[in-house]
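Summary of the model geometry
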Amino acid sequence: MAGDEINNGFGECGYFEAKKSKLEEQFAAASDPFRKSNLFQGISIFVNGLTDPSANELKQIMMVHGGTFHHYERSHTKFIIASNLPDVKVRNMNTSKIISAQYIVDCVENKRVLDYKPYLLYTNQKTTQPRLVFGKGKNTSRANETMAVSMSETAPEPPPVENDLGKILKVLQLAAVAATSPKKETADKTVADVSTLSHSVRTAVDPAFLGEFYKNSRLHHIATLGAGFKQYVCELRQAHGNQPFPKRNELRSVLSGKQEMNADSAHYVMHIDMDCFFVSVGLRSHPEWRGLPIAVTHSKGGSAATDVPVHPQSDRQAERALFADRFEHQLHDNFRADKVRTGFEKKMSLSEIASCSYEARAKGIRNGMFVGQALKLCPELKTIPYDFEGYKEVAFALYDTVAQYTLNIEAVSCDEMFVELTDLVADLQVDVMTFVAHLREEVRSKTGCPCSAGVGSNKLLARMATKKAKPNGQFLLAPGIDVLAYMAPTPLEELPGVGSSMRHKLAQAGLRNCGDVQGTSREKLESLLGKKLALTLQQHSLGIDTRPLVYEQQRKSVSAEVNYGIRFSNASECETFLRQLSAEVKTRLTDIKRKAKSVTLKVMVRAAEAPIEASKFMGHGVCDTLNKSAMLQHPTDDVNIITSNVLKLMKEFDLPPHELRGIGIHLSRLSDVNEVKKENVLLQMFEKMSEKRKIETTAVEVQEEPQPELEQAEQQQQVDLEPQQPLDMSSEWKNSTNTSIKNTAVDPEVLAQLPEDIRQEVLDNMEEHLQPKHSEQRGRKRRKPKNAVRRSLPFPSAPAPLSKVSANKPSNRAQHLRHELSKRYRGGGQTDEIVMDYIDKVSNHVHPAIFEYISRPEVEVSQNLQGAAAAPRPQPPATLQNYLLGSNYKTMLADWVSNQRYPNHTDIITMNEKLAELVKGRYSSRIYDIMKHLCRLIKHKHEDVCEWHMAFRFIEDTVQHHMMEFEGYQMMLAESISCVMCEPM
DNA sequence: ATCCTCCCCTAC
DNA sequence: TAAGGTAGGGGAGGAT
């Protein structure tokens, strides 16, 4: 799957890039399908200055042959490749590992690792002719020979290094081959398609699309790296505990003596941010381009960016007009409007600029601008490609550098964070900006990239300071200054949270800078923006920021979204993609070890007036966006449940697949996997057993004549577990009951077409889901007996729901039952006499045996009451999922009661639901047994817990309520709980 | 009042 | 050609 490619190193094992062992590194290498050999395994190089081959070419060579390319020199960098270094530079370097680039070339040519000494630039041994010598022992040379043989491109094979590793590598390489082969199978379509087959992946219909897209998406990388570093800070903090920071001592001795301390007790928050991050990382290997206007983008620039093929069904003029209209009249986004206005010329590249250098910015180029537009502003703009690995590498170096001094870090993104400095500078006894300068220099030397930092008394002011500091500088918003006066001239859009939309809205009201807002009444702001936004805006305009630094951030949602390359021609292509995306989002969910209770599907649909094809290649064009969500009954991380809900939501949108331009799946209301486990013990037991049972019963037959309630619950479960089955409309409404789409309305038109009794059932179900989840109400809720239920009951009409008053009229009920009995068992003789006599006597509570007796079909009526009670009920439908009916219900109850100190709310609800099903199914004697057993378990619980007593009474109460509704009588129960502590009055 | 859904906005 | 994601905060308006 796409999983590997999407994984940025923040998988469940955490930041493997940073910590991973050698072995893991080799694993990763072996699974790379582009790998030609492992020639340079364990060898790392750093390229200093101009070389031939160039740094980029050397990087390619190293990657393809299993080596490591360092973008900056590290202590463990094995070789430094250079051609000529200035004396000044060399003087302070360890020259024993500076070699010529020719070494790499010769190694590849000879297909073995050569002795590097002849290639040293700064020793006596320097020669131009490499000696063909193996530097190491016999074993190695043998290995090298084998390697040389195995380096043929058609049959790449790992060197037989350490035996185990060799085997593992081999397996992994085989796996990599296997993983790529299905791609080729899709080629079976037509022979005429051959021309397109050779092309790269285009639309989301291609099974490899998702992986390709995420591999190349800058926004995806920005987002996942950001999330990754938030988690990284958490991990570092947890791993660190209360240990000291040794680096502080080192710094203290370096800076000691020359510092006069800040005597004030000011609060210091630092905001640190890399300067035009992507560009800086890209320039590490091309220092000769520093000072030029540079942009990072997918477009290769030059003529490729000014003569772009145009799709016949696209219409740039029309699309531009539409976009411009939206941006100018609805969204007021000047930048985007401008981008469309001047960037949409025919044949100009619509590739976006992810990051541009300050020299490019000076010409008016901005991040996010189209390349075509940027080239008009600056024809000599140089474009460089993305280096996602490099961004991660540098980001780790940045975070690790800061983390040496403190872990009071709030990660904002991969290149930006807030750091609480108050305690740190007090501990170091240094001036705050001295520390910042030292830190920035360390970051620069470790990453090879410049950064800027601002310091203020809160996050807002620190950020403002950074704006002043950029590029490559630092700035302190001194604690003593008049903050109000300082903020007043600041344009509002410089405040965090104020974007183009809000800027425009405020400008309409005559508010442009912080000073304007400072003097505006709260009422006016609130009417403009709403309560909360008004408050924060006003506070920010005064330089006040109450937001604390959040060091350990908890994720609240997970999502996966693709608004590029979505072009389906039919529903099945769409469904296939939805399944892939569901799997993707499920992986992300399990990666963070959480479960979700809400699923939201987001779609982008081509706007009615928009051209069929977007101007931007595979772009979404002008679209309308729609969201729809479904609440799950329980938190889940089951891919099948997620998928079935996603498919259902898509079906509800009822959109033509060919008009879709974007799809996203969001999971929210997350809970911890372990919390869920604790919280829902019973349900987990049920589900576990139903899984097991599913495997055991191979063929699950669908009942021709669905039994009412239980049957529906069961069908729902099947949809959840088996979304592979196509969903037809007729099953959809039935399925929309217990588990899923509680909050989605049923189409009234569909509803109108249903037969009366079925419609009533649907309405009842909907009503049921709108009931509050609170246990009291749910358990005690009055339920109208349904037609369908009645049909299966022996009584022609079930008793109407009884109020408390009528329920307490035993003689009426006894008469009723007697009447039914006599009708049914005419001439039944002695037995029925006994039964009726019994009923008269007990009046209020009926023994389960009686229920058993009267609910048996006529043919089975036996002569003797005892036998009747013992007679087995007809087997429940094979699909019935109520495990309270299973033979091991006692074990399950015992597990529940004994493992939990206090009963869970959700477990009690589950229990009530399952017992209610039993009531409706008339499993009276089982109910009797369950209640008896449960009562005993609670009584004999090691520790007397009133919560359990109350739980039992509540369950008992609910059961009796249901009995009263469906049978007209309460059940005689064997035991009850009495406790002086919690007994109700 | 408080919750829910469906947005919109913002930031990187 | 091109890779227009992701997460969080919050408002409007309706349901309870």
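Heads up: these notes are all about the structure in this document. Predicted model only: the values in this text are computed from it and were never measured.

Some points on the sheet that holds strand β15 (residues 623-636)
Overall, antiparallel pairing links the four strands, which are arranged β13-β16-β14-β15 in an open sheet. Both outer strands of the open sheet, β13 (557-562) and β15, are each paired with one neighbouring strand and no more. The sheet shows a mean angle of 15° between the axes of neighbouring strands, direction not considered.

Topic: the packing of aromatic side chains
The tally for this structure, following the rule as stated, stands at 21 aromatic pairs. Ring centres of F79 and Y103 lie 5.4 Å apart, and the angle between their planes is 65°; on these two criteria the pair is classed as edge-to-face. Residue F79 is found in strand β3 (residues 79-81), and its partner Y103 is found in helix α6 (residues 102-110); the two are separated by 24 residues along the sequence. This pair shows no difference in class: F79 is buried, exactly as Y103 is. Pairing F213 with Y564 gives two aromatic rings, centres 5.7 Å apart and planes at 15°, and the pair type is stacked. Of this pair, F213 sits in helix α10 (residues 209-216) while Y564 is found in the loop between β13 and α27 (571-591), placing the two residues 351 residues apart along the sequence. On the basis of relative accessible area, F213 is assigned to the buried category, the value being 17%. The class of Y564 is partly exposed, set by a relative accessible area of 26%. Grouping aromatic residues by their ring pairs yields a cluster made of F277, F278, Y386, F388 and Y391. Stacked on the ring of F370, the Lys or Arg K339 has its end atom at 4.7 Å from the ring centre.

Considering the side chain of R567
Here R567 lies in the loop between β13 and α27. With relative accessibility at 12%, the residue R567 sits in the buried group. Setting aside its immediate chain neighbours within four residues, R567 contacts T203, V205, E573, E613, A614, M618, G619 and R661.

What about the environment of L670?
Relative to the assigned elements, L670 resides in strand β16 (residues 660-672). Sequence-wise, L670 and S598 are 72 residues apart; in three dimensions their C-alpha atoms are separated by 8.1 Å. Apart from residues lying up to four places away in sequence, L670 is in contact with R555, K556, S557, V558, L589, I592, R594, K595 and A596.

Rules and cut-offs
- Residues numbered from 1 in each chain as written.
- Chains lettered and ligands numbered in written order.
- Predicted model: local features only at pLDDT ≥ 70, side-chain atom pairs only at ≥ 80, totals over all residues.
- Heavy atoms only, no water.
- Pairing = 2+ DSSP bridges.
- Helix = DSSP H or I, 4+ residues; strand = E, 2+ residues; numbered from the N terminus.
- Axes fitted to C-alpha atoms, helices over the stretch in contact; angles between N-to-C directions.
- Phe/Tyr/Trp six-rings, centres within 6.5 Å; stacked < 30°, edge-to-face > 60°.
- Buried < 20%, exposed > 50% of the residue type's maximum accessible area, 1.4 Å probe, protein only.
- Lys NZ or Arg CZ within 6 Å of the ring centre and 35° of its normal.
- Contact = heavy atoms within 4.5 Å.

By themselves, these observations are geometric and do not establish any function.
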